[in-house]
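A structural walkthrough
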Amino acid sequence: MNFKINHIQHIGIPVTDLNRSETFYKKLGFENVMASGFDHNGGRGKMAMMQKGEMIIEIYQLPDTVLDEIRNRADGHIDHVAFDVDDIDLAFSELKNASFLIIEDAPVFLPFWKNGCKYFNISGPDGERLEFNQIL
């Protein structure tokens, strides 16, 4: 291939309630920088680009006629989206105090990278797993 891939431009996550998901991501410090509607199989969907710094997450809600399929997907979902943080313990503490659903009891160490990393995950409103990761 002759084209250059620079970095993740955005992560797309299908959701079942765009307003609920937008509120969730705003609590994490993201802001809606672009909202739009789109046509899909004879219906109308809607989306929002949620940005924090250089990170962009596209959340999109398909038309009502296909939402049950989204709710009941057995595969095809994103496994997780990882956010880089400078202080994993502070991130864990603040999200726990803000009543986010944290999957792990504490940040977990992995022997990745040169000195390892620590991570934990929270669960989003549609079960998406959001990882917070600090490379040590």
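Below you will find a few notes about this structure. (Residues numbered from 1 in each chain as written. Predicted model: local features only at pLDDT ≥ 70, side-chain atom pairs only at ≥ 80, totals over all residues. Heavy atoms only, no water.)

1. Quick notes on the overall build of the chain
This is how the line gets drawn: Working definition: helices are DSSP H or I runs of at least four residues, strands are E runs of at least two. Numbering for both runs from the N terminus. Under the scheme applied here, a residue whose accessible area is under 20% of the maximum for its type counts as buried, over 50% as exposed, and between as partly exposed, the area being computed with a 1.4 Å probe on protein chains only.
Along its length, the chain carries three helices and eight strands. Beginning at the N terminus, the succession of helices and strands in the chain can be written as β-α-β-β-β-α-β-α-β-β-β. With the C-alpha coordinates of the chain rotated into their principal frame, the extents come out at 50 × 45 × 30 Å. Looking at the 136 residues of the chain, the share that counts as buried comes to 39%.

2. Notes on the sheet that holds strand S1 (residues 11-14)
This is how it is decided: When DSSP finds two or more bridges between two strands, those strands count as paired. What counts as an axis is a line fitted to C-alpha atoms, over the stretch in contact for a helix, and the angles between N-to-C directions run from 0 to 180 degrees. Contacts are assigned to residue pairs with any non-hydrogen atoms lying within 4.5 Å of each other.
Pairing in this open sheet of four strands is mixed, and the strands run S1-S4-S3-S2 from one edge to the other. Each having just a single partner strand, S1 and strand S2 (31-40) make up the two edges of the open sheet. Here the average twist between neighbouring strands, direction ignored, is 20°. Summarising the sheet, S2 and strand S3 (residues 43-52) pair through nine bridges and their orientation is antiparallel. Paired with Ala-35 across the two strands is Ala-48, which belongs to S3. Running over the sheet, helix H1 (residues 18-27) touches S1, S2, S3 and strand S4 (55-61) and is turned about 160° from S4.

3. A few points about helix H3 (residues 88-97)
What counts here: It is the directions from the helix axis to the C-beta atoms that the arc portrays.
Within H3, the full set of buried residues consists of Ile-88, Ala-91, Phe-92 and Leu-95. The arc enclosing the buried residues of H3, seen along the axis, measures out at 100°, which places them on a common side. In this structure, the buried residues of H3 make contact with strand S7 (117-123) and strand S8 (129-135). Just past H3, the residue Ser-99 takes up positive phi, approximately 65°.

4. Considering the pattern of salt bridges
So the rule is basically this: Whenever a carboxyl oxygen of Asp or Glu lies within 4 Å of a side-chain nitrogen of Lys or Arg, that contact is scored as a salt bridge.
The full count for this structure, using the stated rule, is four salt bridges. Ionic pairing is found between Arg-44 and Asp-39, a salt bridge with its closest N-O pair at 3.0 Å. Asp-39 sits in the exposed class, given a relative accessible area of 63%.

5. Digging into the layout of surface pockets
Selection rule: Grid points spaced at 1 Å over the protein atoms alone were grouped into cavities, where a 1.4 Å probe fits but cannot get out, and pockets, open sets with protein on both sides within 12 Å along at least five of seven lines, with lining residues defined by an atom within 4 Å of a point. Grid points are joined across faces, edges and corners, and a volume is the space filled by probe spheres set on the points. Each residue is assigned to one class: nonpolar for Ala, Val, Leu, Ile, Met, Phe, Trp, Tyr, Cys and Pro, charged for Asp, Glu, Lys and Arg, and polar for all the others, Gly among them.
Quantified by volume, the largest pocket comes out at close to 350 Å³. Top contributing element to the lining of the largest pocket by residue count: H3, with four residues. Partitioned by chemical class, the residues of the lining of the largest pocket number eleven nonpolar, no polar and six charged. Taken as a whole, the second largest pocket encloses approximately 190 Å³ of empty space.

6. Focus: the nonpolar core
Put simply, the test is: Within this scheme, the nonpolar core is defined by two criteria: the residues are buried Ala, Val, Leu, Ile, Met, Phe, Trp, Tyr or Cys, and they are joined through side-chain atoms within 4.5 Å.
Ranked by size, the top nonpolar core spans 25 residues in total, and within it Tyr-25, Leu-28, Phe-120, Ile-122, Leu-130 and Phe-132 carry the most contacts. Listed by contribution, the elements that provide at least two residues to this core are S1, H1, S3, S4, strand S5 (81-84), H3, S7 and S8. A per-element tally of this core places H3 first, with four residues. Setting aside anything within four residues of it in sequence, one finds Tyr-25 in contact with Ile-13, Phe-30, Met-50, Ile-57, Ile-59, Glu-128 and Leu-130.

7. Here we look at the side chain of Ser-21
Within the secondary structure, Ser-21 sits in helix H1. Given the relative accessible area of 0%, Ser-21 is considered buried. Leaving out residues up to four positions away in the same chain, Ser-21 has contacts with Val-15, Ile-59, Pro-125 and Asp-126.

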